[in-house]
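A look at the structure
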Amino acid sequence: MAYDTSVTPDAVADLSAREMRRSVMSRWGLRAGVVIGWLAFIGVWYVFSGAVLGTQQLPPPHTVAAEAWQVVTGDGFGATLWASLLRVIVGCTLALSASIVLGMVIAYSAWWRGLLGVLTRFFVSIPTVALAILALILFGVSGLGPMLTAALVATPYVMSSVAQGLTGVDRRLIVMSESFGRTRSQIITGVLLPSSVLAVIGGARQAFALAWRITLLTEVFASSDGVGFQIRRSFESYDVRGLLAWTALFIGLMFIFENFVFRQLERRAFGGAHVSQATAESTQ
Amino acid sequence: MATILIENLTKVYPPTPTYPQQVQALGGVSMSVTGNVFVAVLGPSGSGKTTLLNIVAGVEEPTAGAVRVVQDGVPAQVGYVFQEPRLLPWRSVLDNMLYVQNRKSDRSKREAEFYLSMVGLSDVAHLYPAQLSAGMQQRVGIARAFLVNPDVLLMDEPFSHMDALTGRSLRDYLQRIWAHTRKTALFVTHDVGEAVELADRILMLRPGGVVFDDIPVNLQRPRRPDDAAVRAVETEVLRRFDSMEAAVRFGDQRN
Amino acid sequence: MSYAADLPTAPEFSQASGTPQSAPAQAVHWTRKPWFINALAVAILLVVWQYLYSVNERVPSIDEVVSFLGVELGGGSHGGVSRGEFWGPLSISLQRYVIGLAIGVPVGGLLGLLIGGSRRFRSVLNDTVLVLLVLPSVVWAFAASLWFGIGSTAPVVAVVLTAVPFMAVNLSSGIRGLDPGLALMSDAFRVPRLRRATHLLVGGALSNAVTGVRLAFMTSWNSLLIVEWFGTASGVGWRAKHWYDAQRFEGFVAWILLFVVFITLLDWLVLRRLEHRSTRWQQQPTLTFAEGEVT
Ligand SMILES: Nc1ncnc2c1ncn2[C@@H]1O[C@H](COP(=O)(O)OP(=O)(O)O)[C@@H](O)[C@H]1O
Ligand SMILES: [Mg+2]
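Residues numbered from 1 in each chain as written. Chains lettered and ligands numbered in written order. Predicted model: local features only at pLDDT ≥ 70, side-chain atom pairs only at ≥ 80, totals over all residues. Heavy atoms only, no water.

What follows concerns the pairing of strand S7 (residues 152-156) of chain B. Residue and element names in this part refer to chain B. Counting buried positions over the 5 residues of S7 gives 5, a clear majority of the element. Examined bridge by bridge, strand S6 (residues 78-81) and S7 share 4 bridges and lie parallel to one another. From the neighbouring strand, glycine 79 faces S7, where its bridge partner is leucine 153. One ladder, built from 5 bridges, connects S7 with strand S8 (residues 184-189); its direction is parallel. Across the sheet, the residue bridging to leucine 153 is alanine 185, located in S8. Viewed along the sheet, the connection from S7 through helix H5 (residues 164-181) into S8 turns out right-handed. (Buried < 20%, exposed > 50% of the residue type's maximum accessible area, 1.4 Å probe, protein only. Helix = DSSP H or I, 4+ residues; strand = E, 2+ residues; numbered from the N terminus. Pairing = 2+ DSSP bridges. Right-handed = clockwise from strand over helix to strand, strands pointing away.)

Structural data, given as C-alpha cells:
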C-alpha cells in the first residue's frame, strides 16, 4: 500500500534522456554563442577596416593572418621567439623564487609585511613604461634589462598572491597538527606546502603573464631582438600589418601556454578534481 | 482561496561531473492543498523536499508532471523562507525587505517595518545581516516572506541551521504569526516534532521523492512540543516511518 | 608561543568568526610603528639609488633630481635654455585621462554586467574581452597613434581600450562568484530585472568593480604615457621623453617621481576611499545580544 513507485524505471530512463537532451542543447547553445562571438569580432574588424579606418590603417583579418603566416614561416622567427621566451622564463623564474621566499616571510611576520608593503606600493605606482626606460638607462640596449624588469614588476603581485595562499591555509589543520605534537618542519611539509601548491601554481601563472607583458614592453625600448623589438620596428615603419600580425602571434602564444602548460600543471597537482577558471583575473 | 495542485511531479537530474550518475529527486509526487491549511512535508535529507519547493515556487523546471499554484483562478503570490537566510549581505535588514517588495508605494517602508516588528526586529532594521545572529537572520527571512503579502507560504527547513532552543522559540513565533494570517502553507522539514507541532497535515516523503503517507493532525492550537497529544502523534509518525523503511529493506532483499 | 597563533588571520576567517576586532591597548614597540617602517623603506630606496649612482654614470644623483624638480615645478629656467613646465603638460594629460576613463569605465562596467549576469552574453562576448585583456598596452598605444596621429584622440582611445577589459573582467568574475542562492531567492520573489541588476549584481560585485576600477586607472595611466611618449607632442609622457631625448636623465627621473606621486595621491584620495566604501558591510562588528536572544 504505502510503498509504491509511481514512476517505473523505464519511465525514469526516458525522463532522464529528456533532461540530458535539455542540458546538451543548452551546452550547444553556448558553443554557438562562442562561434557567434568570434564571427562578430571578425565582422567588426572587417567593417572597421573597410569602412571606418581604411585597409591601409587597419588591414583586414585575412591580410593579417597571411602576414602572420609569413612571419612564422620566414627565417628569424624562431630566434626572435626564443630571445623573448628566454627572457620571460628567466624573469619568471626569478620572480617566482623571490615571491615564494618573500611570500612566506610576509605571511608569517607582520613587521616584514609592513616594510615590504611600503616598498611594494612604491614599485607598483611606477608606470611600467617608466621602468622599461629606466632599464634602458641602467643596462643600455641589452637582454638583461627586459629580464630584470620583468622579474621586478612581477614579484610584488606574485608575492602577495603566494602569501594569500599561505594565509588561506586552514588554521584548524595546523591546530590539529600541533595537538598531535607535530614539529614545525612536519607542519610545513605536511600541511602548509600541500595546501599552498595551488597558490604557487597560480603565482607562476600570474608571473608568466606579467613577465610576458613587461618583457614585451621593455624590448620595445631596450632591445635589439625579441617580439617587442619587432613590434617597435613595425610601428616605426608605419607597418600596421606587421604590428597586428606579431600581436596575434603573441596572443596565440599566451593562449597555448595558458591552456596546455598551466592547465596541465594544475591537473597534475589536483588529479583533475580541481579545474580552475582561465586566468583572466590574474593577468594584471 | 489559494490552491496548490501537484500532479505526478517528477524531477530527474542528469549526471554531472561531480556526481556521474543521474538522480531521481522526485518520483511522481501528487497532492492537492486548498485553503487555510498548514501542510508539512516530512522526509529525510535527500528525499527531494527542496526540489519540490523550488518547483512549486517556479524557480526550477520539473522533468515531468505539472504544478498549479493559484489564488482565485490567477497565479498566486508566493512567499518563500529558505533553508538558510539568503539575505543580501551588503544591504541593511530594511533594504533587504524592500528588495523583494514589488508593489512600491509610499507605504512600502512602513509595511516592511511592520513585519520586522512582528518578528521582534524593529531595533535592528538598519544593521547589516552579518551583524545579526543566525536566529535573527532567519526571522528577517520570515518577515520578508510575509511582506510580499503571499497567498502561499513556502518554508524549507527554516529552523534546521540553528540550535534547538532558538528553533523552539522561532517555531513559537511562526505559530503565532500563522494563526494571525492563516496563509496556505507548505512547510518542509526532517524534524518529526516540528512537523507535528506546526502542521494540520503531514505528507511523508521517502528517498527518491515518493510520498508514502499522508497523516492528518487534528490537534488544538497553540500547541507545545511537549503536549502529550503532540507526543502521541509523533510516535505514530515515527512508527509509520519504521514500517516504510522495513518495507523498502524487505523489497530490496527480494530484488 | 603556538605556531598557529603566529599566522595572520585571513580576512574571510575573521569575518566568519564574527568577533569584533578590538584594538589591543598595549604599547607597540617603536620599531613596529608605521612611521619607522615608512622611514626605513624610504632610507632603503635612497641607499639603493645612491649605490646605483656610484656605479653607473648615467644615473643622476639625488640632489640633481631634487634641484631639477624645483625648477620644473616653479617654472624657473633650466640653465638658460628652456623654462620649467609642469602644469601645462599635466593638465593636458589629465584631460585625456579623465575623458578616457569616463568612457572606458562605464562601458567596461556594462560589458561586465552583461557577461557576468547572462550565460548567453558570456558565451558571445567573453573571448573578445579576454583578447582585449591580453593585448599588451604598448600595442594599443602604437595602433592608436598610427590611426589617429599626434592629436589627443590617440591617447584617449588608448585609455578607453585599456580600461574596458579590466573593468569587464573584474566585474563579471565578481558577479559569477555571487552566491547562486541569492539569485534563486530573487527568482522566487519575482524581483524585476533592473532592481536585480543594481541591488544584487552591482551591490554584490561592488568590491570587484572597485578592483576593476583600480586596475583600469593604473594600467590606462601607463597606456597614456606610452602614447604620449611615442605619438604626441604634448602631455606629461611627452615631457618625460623630451628630457630623455635631451640626455637630461635627472629630468627624466624627476618626472618618474612625479608619476609616482600622482598615482599615490590617486590611490589615497580616490581608490582607497572607494574600496573602503565598497567593503563597508564586511567591517561591521557583530551585535552583542542583550534582549534575550539565544545566539
Ligand atoms: N542541481 C542538482 N543537480 C544534481 N542533483 C541534485 C541537484 N539538486 C538536488 N540534487 C539531488 O536531488 C536529491 C534531492 O535533493 P533535495 O531536493 O535538495 O533534497 P532535500 O531537500 O530533501 O534534502 C538529492 O539526492 C540531491 O543530491
Ligand atoms: Mg533541502
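So much for the structure itself; the text now carries on.
Residue and element names in this part refer to chain B. In the vicinity of ligand 1, the residues found are Tyr13, Val23, Ala25, Pro44, Ser45, Gly46, Ser47, Gly48, Lys49, Thr50 and Thr51. Between an oxygen atom of ligand 1 and a main-chain N or O atom of glycine 46, the distance comes to 2.7 Å. In the environment of ligand 1, an oxygen atom lies 3.2 Å from a nitrogen or oxygen atom belonging to the backbone of serine 47. For ligand 1, whose unbound accessible area comes to 560 Å², protein coverage reaches 61%. In terms of residues, the shell around ligand 1 owes the most to one element, helix H1 (residues 49-57), which gives 3 residues. (Near = heavy atom within 4 Å. Polar contact = N/O pair within 3.5 Å; in protein donor to acceptor, adjacent residues only side chain to side chain. Areas by Shrake-Rupley, 256 points an atom, 1.4 Å probe, with all protein chains shown as cover.)

Another point: the pattern of salt bridges. Residue and element names in this part refer to chain B. The full count for this structure, using the stated rule, is 26 salt bridges over all chains. We note a salt bridge from arginine 171 to glutamate 194, for which the minimum N-O separation is 3.1 Å. Of this pair, arginine 171 sits in helix H5 while glutamate 194 sits in helix H6 (residues 192-198), placing them 23 residues apart in sequence. Take arginine 171 and glutamate 194: they sit in the same class, and that class is buried. The residue arginine 221 makes a salt bridge to aspartate 200 at a minimum N-O spacing of 2.8 Å. Residue arginine 221 is located in the loop between strand S10 (210-216) and helix H7 (228-254), and its partner aspartate 200 is located in the loop between H6 and strand S9 (201-206); the two are separated by 21 residues in the primary sequence. When salt bridges that share partners are traced, they join Asp213, Glu236, Arg239 and Arg240 into one network. (Salt bridge = Lys/Arg side-chain N within 4 Å of Asp/Glu carboxyl O.)

Bear in mind that shape data such as this cannot, by itself, settle questions of function.
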